[in-house]
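Coordinate analysis (summary)
Each chain, written out:
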Amino acid sequence: MAYKTKEWRNAMRISVDYNYMTSAYLGDKGITDAELRSVKSKAEEAFDYVAQNRGKDELFMGWTELPYNQDAIVADIIATAKAVRKKFKYFVVLGIGGSALGPIMAFNALKHLHYNELPPKKRGGPKFYVEDNVDPVRMQALLDVIVPEETCFNVISKSGATSETMTQFLIIADILEKKGLSLPEHIIFTTDESRGNLIKIDEKYGGKFKKYVLPDGVGGRFSELCPVGLLPAAVLGIDIKGMLAGAAYMDTLCSKPTITKNPALACAALQYITMKQGKNIHVLMPYSDNLKLIADWYCQLWAESLGKAVDYTGKTVNAGTTPVKSLGVTDQHSQVQLYIEGPYDKVITFISVGKYACEMPIAHGCEDIPDVGFLGGHTMEELIQAENKATAYALMRAGRMNYTLNMPEVNAFTLGQLMFLLEMQTAYTGAMLNINTFNQPGVENGKKATFALLGKKGYEAQKKEMDGAPELQSKYIV
């Protein structure tokens, strides 16, 4: 896939700086060269596992091929998006988990931070909303600001049995039908190719719904680079070819089996070593409001993938570290005190931006007040970058592990890179831990318990178990 020039792509390359993870800077609090060498063979085995199994649907590794196998789909999505932009004033995603976190993350990263408040000509597309919860107040708030007759809804569910998404669908479908509107003219499905409840609904309407396929080998948390994320992005006017090109570029950077030449493998090795040291909290701290929601997206990617009770041998391992989202500079004033002086149980990953979309000059003034006057003549870009470097340095001086993902600027190409880097890091880390990175048994158990509580047929025994003994339930309520 050709995308701009080789020189431009190389200038947009994301790099990993892990100096502040090492003993060269942290002394006895840092990772030694010997420790890095000790995981060399395990990292190489992880690389081989991912390389040998990439693209295999049965292992849910189809996401690895998304940068390469979607030319026809992308063309169709772009055409559909053009029609949606022309016809509708609002575009709403109905989904949960990766079906919602991915689209809202890309929207936040690549569009104006107050996009929906812009006048139509400046916005250039429909207002955009993502419903990723079943809070009734949230749904009512959405209905207060959209006009259903002028809205296109994108329902995203592989099975069409996701309770939250189908609840949203039922409410919206009822509203549209009561207004005498055609559901297929207002709703696009992103679902399984041939089975599931959304397919059944489509069949009832004579196959009139526009449908996109959520591929078999792509789990929800790895789905932003398939139609799940590409359709909403295209409706917003985002360069989806650029996102895929960025992912493909990062894939080439991750083609070597060594820590020193593969950025995702380096990050995985660092995380693996620190896990074994007992550092069980992983903070992701982007220094950009546009990247604020990448941390939300990453929290699901990391937690659902690596939080596993057993490994492939059946041994109880209770693997994983707790991901924490943070935002620089905001959370310097709320969280960093803990990171610098609290327990030595954290690894902080910064995302640093080399060039922001604007610089915003700081005006001169208050020269008689040194604490304020020194800021004049600088820019906000300089200030946020200085605070980013200063925070990393202060953590290092306190013996606190941190490393930085350097992102030259925020655009579709670099966002595609960043997503693929974090996905590959997650896959390598799971392989090093010898766990199933791509299932989610804990989430499934919660779903079944919800079915029982709401009286779904077949879950009567679990409902009885959950009701428990009344005398015990009341005993422990204060």
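If you're wondering where the values come from, they're calculated on a predicted model, not measured in any experiment. Residue positions are given per chain, counting from 1 as you read along its sequence in written order. Where totals are concerned, whole chains, interfaces and linings use all residues; where local detail is concerned, this predicted model gives features only for residues with pLDDT of at least 70, and gives and counts side-chain atom pairs only at 80 or more. Heavy atoms throughout the structure, all of them, feed into the side-chain values; hydrogens and water do not.

Let's talk about the overall build of the protein
Defined as follows: Every helix listed is a DSSP run of H or I at least four residues long, and every strand listed is a run of E at least two residues long, numbered separately from the N terminus. Radius of gyration here is computed from C-alpha atoms only, and the compact-globule reference equals 2.2 Å multiplied by the residue count raised to the power 0.38. Burial classification: accessible surface area is computed with a 1.4 Å probe over protein chains only, and a residue below 20% of its type maximum counts as buried, one above 50% as exposed, and the rest as partly exposed. In this description, contact between two residues means that some pair of their heavy atoms is separated by no more than 4.5 Å.
When helices and strands are tallied, the protein shows 22 helices and ten strands. A globule of 478 residues ought to have a C-alpha radius of gyration of about 23 Å, and the protein, at 24 Å, matches this closely. If one aligns the C-alpha atoms of the protein with their principal axes, the spans along those axes are about 65 × 60 × 55 Å. The 478 residues of the protein split such that 49% are buried. Taking as baseline every contact in the protein between residues at least 6 positions apart, the subset at least 24 positions apart corresponds to 75%.

Let's talk about the pairing of strand β10 (residues 402-409)
To keep it simple, the criterion reads: In this analysis, strands are considered paired if DSSP registers two or more bridges between them.
Among the eight residues in β10, six count as buried, and that is most of the element. Note: strand β1 (residues 15-17) against β10, three bridges, orientation antiparallel. Directly across from S15, in β10, lies its bridge partner N406. Relative to β10, strand β9 (residues 346-355) runs parallel, the two being bridged by seven bridges. Its bridge partner being in β10, I348 is matched across the sheet by N402.

As for the packing of helix α4 (residues 40-53) against helix α19 (residues 412-433)
Note the following rule: Throughout, an axis means a line fitted to C-alpha atoms (over the contacting stretch in the case of helices), and angles, computed between N-to-C directions, take values from 0 to 180 degrees. Crossings are classed by handedness, with left-handed meaning an anticlockwise turn of the near helix from the far one by less than a right angle and right-handed meaning a clockwise turn. Note on residue classes: Ala, Val, Leu, Ile, Met, Phe, Trp, Tyr, Cys and Pro are nonpolar, Asp, Glu, Lys and Arg are charged, and everything else, Gly too, is polar.
At their nearest, the axes of α4 and α19 sit 8 Å apart, and the two run at 115° to each other. Handedness of the α4/α19 crossing: right-handed. For the pair α4 and α19, contact is made by K42, A43, A46, F47, Y49 and V50 and by M424, A427, Y428, A431 and M432, respectively. Class assignment for the residues of the contact of α4 with α19 results in ten nonpolar, no polar and one charged.

Quick look at the sheet that holds strand β7 (residues 281-286)
In spatial order, the strands read β1-β10-β9-β7-β8; together these five strands make up an open sheet with mixed pairing. Either end of the sheet is taken by a strand with one partner, and the two such strands are β1 and β8 (322-325). Taken pair by pair, the neighbouring strands of this sheet meet at an average axis angle of 20°, ignoring direction. Pairing between β7 and β9: six bridges, direction parallel. What sits directly across from H282, in β9, is V347. Of the strands in this sheet, β1, β7, β9 and β10 are in contact with helix α14 (residues 263-276), which crosses β10 at around 155°. Sheet strands in contact with α19 are β7, β9 and β10, and its direction is about 155° off that of β10.

Structural notes on the pattern of salt bridges
Cut-off, in case you're wondering: Whenever a carboxyl oxygen of Asp or Glu lies within 4 Å of a side-chain nitrogen of Lys or Arg, that contact is scored as a salt bridge.
The full count for this structure, using the stated rule, is 18 salt bridges. Here E44 makes a salt bridge to K40, at a shortest N to O gap of 2.7 Å. Of the two residues, E44 and K40 are both situated in helix α4; the distance of four residues between them amounts to about one turn of the helix. Accessibility expressed as a relative area gives 24% for E44, which makes it partly exposed. On the accessibility criterion, K40 (44% relative accessible area) is partly exposed. Measuring nitrogen to oxygen at the nearest pair gives 3.5 Å for the salt bridge that ties E149 to K179. Of the two residues, E149 is situated in the loop between α8 (136-145) and β4 (151-156) and K179 in the loop between α9 (163-178) and α10 (183-186); the sequence distance between them amounts to 30 residues.

What to know about the environment of F91
Secondary-structure assignment places F91 in strand β2 (residues 90-94). Residue F91 is classed as buried on the basis of its relative accessible area of 0%. Placed 63 residues apart in sequence, F91 and N154 show a C-alpha to C-alpha distance of 7.6 Å.

Some thoughts on the packing of helix α6 (residues 98-110) against α19
We count it as follows: Should an angle lie under 35 degrees it is considered roughly parallel, over 145 roughly antiparallel, and from 65 to 115 roughly perpendicular; all remaining angles are considered oblique.
Packing of α6 against α19 brings their axes to within 10 Å, and their N-to-C directions diverge by 140°. Regarding the angle of α6 to α19, the classification is oblique. When the axes of α6 and α19 are compared, the crossing they make is right-handed. Contacts from M105, A106, A109 and L110 in α6 reach A412, L415 and M419 in α19. Across the contact of α6 with α19, the residue classes break down as seven nonpolar, no polar and no charged.

Things to note about the packing of aromatic side chains
Applicable threshold: Note on ring pairs: Phe, Tyr and Trp rings are taken, using the six-membered ring of Trp, and paired if centres are within 6.5 Å. Classes follow the plane angle, with under 30 degrees stacked, over 60 edge-to-face and the rest tilted. To sit over a ring, a charge needs its Lys NZ or Arg CZ within 6 Å of the ring centre and within 35 degrees of the ring normal.
Applying the stated criterion across every chain, the model contains 18 aromatic pairs. A connected cluster of aromatic rings, assembled from ring pairs, spans Y3, W8, Y249 and F413. The ring of W8 is capped by K4, whose NZ or CZ atom sits 4.4 Å from the centre of that ring.

Observations regarding the sheet that holds strand β6 (residues 210-213)
An order of β3-β2-β4-β5-β6 is seen for the five strands of this open sheet, with the pairing classed as parallel. Edge positions in the sheet fall to β3 (127-131) and β6, since each of these pairs with one other strand and no more. With direction set aside, neighbouring strand axes in the sheet form an average angle of 20°. Sheet strands touched by α8: β2 and β3. Its angle to β3, the strand with the most contacts, is close to 165°. Against the sheet, helix α11 (residues 197-204) contacts β4, β5 (187-191) and β6, and its axis sits at roughly 140° relative to β5.

Comments concerning the nonpolar core
Put simply, the rule reads: The definition of a nonpolar core used throughout is a set of buried Ala, Val, Leu, Ile, Met, Phe, Trp, Tyr and Cys residues joined through side-chain atoms within 4.5 Å.
Counting residues in hydrophobic clusters, the biggest one holds 114 residues, and the most contacted among them are W63, I294, W297, L405 and Y428. Element by element, the count of residues in this core is highest for α19, at 13 residues. Other than its neighbours up to four places away in sequence, W63 contacts G217, V218, F222, F420, E423, M424, A427 and F438. Core analysis: the second largest hydrophobic core is formed by 19 residues, L94, L142, V155 and I187 among them.

What about the layout of surface pockets?
Here the idea is plain: a probe the size of a water molecule rolls over the atoms and shows the empty space left. Put simply, the test is: Cavities and pockets are defined on a 1 Å grid built over the protein atoms alone: a cavity is a set of grid points where a 1.4 Å probe fits but cannot escape, while a pocket is an open set with protein on both sides within 12 Å along at least five of seven lines, and lining residues are those with an atom within 4 Å of any such point. Grid points are joined across faces, edges and corners, and a volume is the space filled by probe spheres set on the points.
Of the pockets and cavities examined, the largest pocket occupies roughly 870 Å³. For the largest pocket, the lining is made up of 33 residues, of which T162, G220, Q440, E444 and K447 are closest to its centre. No other element matches helix α20 (residues 441-453), which puts seven residues into the lining of the largest pocket. Looking at the lining of the largest pocket residue by residue, the classes come out as eleven nonpolar, 15 polar and seven charged. In this structure, the second largest pocket occupies an estimated 740 Å³ of space. Together, 24 residues line the second largest pocket, and L113, D289, N290, Y356 and C358 are the ones closest to its centre. Elements that contribute at least two residues to the lining of the second largest pocket include exactly β9 and α18 (380-397). Looking at the lining of the second largest pocket, the element that brings in the most residues is α18, giving five residues. Looking at the lining of the second largest pocket residue by residue, the classes come out as twelve nonpolar, five polar and seven charged.

Without other data, these values stay purely geometric and don't point to any function.
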